[in-house]
Each structure stands twice: as structure tokens, then as C-alpha cells.
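Below, each chain spelled out in residue letters.
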Amino acid sequence: MMSRSCFAAAVLTVCLSPSLTAQPVFDVEQLACLPLEDNGAVEARVEGVAGGDEVRLYYRRLNPVGAFYYGAMDPSAPNQFWSTFPRPEDREQHELTEEWWEVLRTRDWVEAQGFDFDRLRDYLESQNQEAAEYYVAVYDAAGKFRGRSPTLLTEVRENDCRQDLTPQERGWADNLTVGETSVAQANKEVFHWLCDGIVTRIDTADVLHPDEFCRSCVVGFGFVPPLAAVAAGVVSGAIIEHPPSEASPRQP
């Protein structure tokens, strides 16, 4: 028969098991736009984050090819997190095709905004710059996927979109660590984002290393994001086992 002390320890172990914790609940800021060739910041409220969990911001440009990148989000208050995007590169928005529509039609933002083929085609034709998609996800300390928000879409604008970043946000943006979700992203520039501020990368094998293409960028403000926290909990294959459902099967 199990002793009372052993039984209590067993119950405690079960109660603290990450697999039994509640799924995270997300409330991610809907950005009106990102500034062209400058950094934008985003905030998210995420409830149900357990000790050792990592909250990540995933992002990509709206393009028929390419996969998501990610970066860690920093806590600012209980259940509140923030991060910054890299600087969007000057890229013309692709026209909608029937083939691309079949990929986009199940996107969260397509369904939420009630786009059909004609409405989305007209919307994309009205954009001077390639838009950006993003969502927030939580991974536990072992690199296991715990949950994610719906994917949101935001425009990239040249003249009428400006975010005044705080010194902390600017310091973070000038020292970015970019995580890869596809081996096709290795040893290449970050697809349709500028090098400015990108100093390190995390590849799909969980190796943190200097960015091969952006090492000449100047590190500003003397602020370095906690790289150990960025790398913590990322396990080789974690992204491959739980790929973003919106990702195109084709890569840059």
C-alpha cells in the first residue's frame, strides 16, 4: 500500500503536470499598420502561462511563399507581454491568384473579415506594400506547444504609420533574435524584412548563433534581450511537429 507521504507526493506531481494546466487564453493587439522600414511593437494579454513557458510572437509577410519567423515576447506586467517586429522591407503586394486563394481562404483573418476571393483581391490591389501576418503562441519549458492565438493581418504603410517606441522597445528592436521555423530559412536573409537590428538567429536545431547576413548591424542603446530566455524551451523539431496551419507549403 502506498504511504500517505508517497500518495501526497504523487498527487502533487499530477497536479503540477504541465499537460494538465489550462490552455492559454490570448488577447492580441490588432495593429492598424506597421511602419515601412521601421520597427513596430505589439502587446498581448496571455492568461494561463505557467512557470518556464515562453510566449512567442510569430510573423511573416503576406506572400505566396515563405514561412513564419518568431521572437520571444517580454513580460511587462502579470499576463501582459510585448515584443517588436523587424523592419518591413519595401515590397510590392502580390496579386491574388486562384492558387494562392486556396492557401489563404482558411486563414483566421480571412474568415474573421468575411473576405471572399473578389473582396480580398480588391483589398490586396489597394495595398502599396506587402502586408504582414502575426500571431502569439506559448511553448512550455520542454519545447511543447501549448496554444496559440488566431492569426491577424496588418498593413505596412510608408508615410502615415508611425510608432514611437519606448527606449526599452527601441533597444529590443536594435538587438533582435530571430527564430526560424523551416530549414529553408537557414543561411538566408530574413525574407522581406530588413537586416537592421537583427543580430542573432535560432535555427530549427535549436542552435543560437550570430546572424550570417546581418552581423554588420549596429547594436544600439546597449540593451541586449535575454538570449537564454529566447532559447529556453526550444526543442529541435518543436516547430516542425506543430507547424503554423497558415504556412504555405512553399518556402522562400
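Look up a bit, the structure's there.
The following refers to the structure shown. Computed from a predicted model, the values in this text were never measured in an experiment. (Residues numbered from 1 in each chain as written. Predicted model: local features only at pLDDT ≥ 70, side-chain atom pairs only at ≥ 80, totals over all residues. Heavy atoms only, no water.)

A word on the pattern of salt bridges. Going through the model one piece at a time under the given rule, you end up with 17 salt bridges. Across the pair arginine 45 and glutamate 47 runs a salt bridge, and its minimum N-O distance is 3.1 Å. Here glutamate 102 and arginine 105 are joined by a salt bridge, their closest N and O atoms 3.0 Å apart. On the basis of relative accessible area, arginine 105 is assigned to the partly exposed category, the value being 40%. (Salt bridge = Lys/Arg side-chain N within 4 Å of Asp/Glu carboxyl O. Buried < 20%, exposed > 50% of the residue type's maximum accessible area, 1.4 Å probe, protein only.)

To continue, consider the state of the cysteines. If you walk through the whole model with that rule in mind, you get two disulfides. Between the sulfur of cysteine 33 and that of cysteine 161 lies a disulfide, 2.0 Å long from S to S. Note on the cysteine 33 and cysteine 161 pair: the S-S dihedral is about 100°, so by sign convention the disulfide is right-handed. Of this pair, cysteine 33 sits in strand β2 (residues 33–35) while cysteine 161 sits in the loop between β10 (152–157) and α5 (167–173); the two residues are 128 residues apart in sequence, bridging distant segments of the chain. Comparing cysteine 33 with cysteine 161 shows no difference in burial state: the two are buried. (Disulfide = S-S within 2.5 Å. Helix = DSSP H or I, 4+ residues; strand = E, 2+ residues; numbered from the N terminus.)

Glancing now at the sheet that holds strand β7 (residues 80–84). Spatially, β1-β3-β7-β6 is the arrangement adopted by the four strands of the open sheet, whose pairing is antiparallel. Of all strands in the sheet, those with a lone pairing partner are β1 (25–28) and β6 (74–77), marking the two edges. Taking each pair of neighbouring strands and ignoring which way they run, the sheet shows an average axis angle of 30°. Note: β6 against β7, three bridges, orientation antiparallel. Counterpart to aspartate 74 in the pairing with β7 is tryptophan 82. (Pairing = 2+ DSSP bridges. Axes fitted to C-alpha atoms, helices over the stretch in contact; angles between N-to-C directions.)

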